[in-house]
Amino acid sequence: MTHESQGDFAEFAATAWPRLVRTAHMLTGDFHEAEDLVQNTLTKVYARWRRIPRDEIDVYVRRALINNNLSRIRKKRVVHLLMPLLPETVHRVHSGHAEAVERRTALDQALATLPARQRAVMVLRYWDDLSEQDIATVLNCSLGTVKTHARRGLQALRAHPAFASDTSASGDRR
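The rules we used
Residues numbered from 1 in each chain as written. Predicted model: local features only at pLDDT ≥ 70, side-chain atom pairs only at ≥ 80, totals over all residues. Heavy atoms only, no water. Helix = DSSP H or I, 4+ residues; strand = E, 2+ residues; numbered from the N terminus. Buried < 20%, exposed > 50% of the residue type's maximum accessible area, 1.4 Å probe, protein only. Phe/Tyr/Trp six-rings, centres within 6.5 Å; stacked < 30°, edge-to-face > 60°. Lys NZ or Arg CZ within 6 Å of the ring centre and 35° of its normal. Polar contact = N/O pair within 3.5 Å; in protein donor to acceptor, adjacent residues only side chain to side chain. Contact = heavy atoms within 4.5 Å. Salt bridge = Lys/Arg side-chain N within 4 Å of Asp/Glu carboxyl O. pLDDT = per-residue confidence, 0-100.

## Regarding unusual backbone geometry
And then number 1: For D129, which is not a glycine, the phi torsion comes out positive at approximately 60°.
And then number 2: In this fold, D129 is placed in the loop between α5 (116-126) and α6 (132-139).
And then number 3: The phi torsion at N140 lies on the positive side, around 55°, for a residue other than glycine.
And then number 4: By the element assignment, N140 lies in the loop between α6 and α7 (143-159).
And then number 5: By relative accessible area, which is 65% here, N140 ends up exposed.

Structural data, given as structure tokens:
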């Protein structure tokens, strides 16, 4: 790889890192896993950097992030089958941010119940603010599939007990 190409990649990676970690965090539900996912994705992108058309970089990287996350989930399923109990995720409450942490925990719990591709659609649509057509391109599926995943994902999130108990609990706190 030429020095100029390496510089282009380094600039892209530095600029895209916060956005990619935010997206990965929504996909994984864990900040450390999100950073690992982005790092692995950028490593794979770097190997192909010269061959990626410049006008397709964002789509390519998002697709790679989603695909790497799907692979990560498949690997976790195998581990889950081999382990009778998985350790619980620890959520630490910081003073002054308790409500935000509670909302984030509820969202993480609800997102975790969605199938991987449905979760990807929800994250790309509502946190990365991609259009349905852009999501279809990233996921390499039809527009109808994206719409179906979005509709079902919203229904599942709205019906999730974490949100139902959150709204009833917030009314009791006065």
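## Describing the packing of aromatic side chains
And then number 1: All chains considered together, the criterion is met by 3 aromatic pairs.
And then number 2: Among the aromatic residues, those joined into a cluster by ring pairs are F9, F12, Y46 and W49.
And then number 3: Lying across the ring of W49, R54 places its NZ or CZ 4.6 Å from the centre.

## Considering the side chain of T28
And then number 1: With respect to the element layout, T28 can be found in helix α1 (residues 3-28).
And then number 2: Residue classification places T28 among the buried positions, given a relative accessible area of 11%.
And then number 3: At a separation of 2.9 Å, a polar atom in the side chain of T28 contacts the main-chain carbonyl oxygen of D30.
And then number 4: Ignoring anything within four residues of it in the chain, the contact list for T28 reads E33, A34, L37, N69, R72 and R119.

## Considering the pattern of salt bridges
And then number 1: In this structure the tally under the stated criterion is 5 salt bridges.
And then number 2: The residue R22 makes a salt bridge to D128 at a minimum N-O spacing of 2.7 Å. Of the two residues, R22 is situated in helix α1 and D128 in the loop between α5 and α6; the sequence distance between them amounts to 106 residues.
And then number 3: E33 is the salt-bridge partner of R72, the closest N and O atoms lying 2.4 Å from each other. Note that R72 is positioned in helix α3 (residues 57-82) and E33 in helix α2 (residues 31-48), a separation of 39 residues in sequence.
And then number 4: One network of salt bridges, in which partners are shared, links R22, R62 and D128.

## Details of the side chain of N68
And then number 1: You can see N68 is positioned in helix α3.
And then number 2: Once residues lying within four places of it in the same chain are set aside, the contact partners of N68 are L37, N40, T41 and K44.

## Side note on the confidence of the model for the chain
And then number 1: The pLDDT averaged across the chain works out to 81; a share of 78% of its residues lies at or above 70.
And then number 2: When mean pLDDT is compared element by element in the chain, α2 scores highest at 94, while helix α8 (residues 161-172) scores lowest at 56.
And then number 3: In this model, residues 166-174 is a region of pLDDT below 50 whose contacts with residues beyond four sequence positions or in other chains number 4 contacts.

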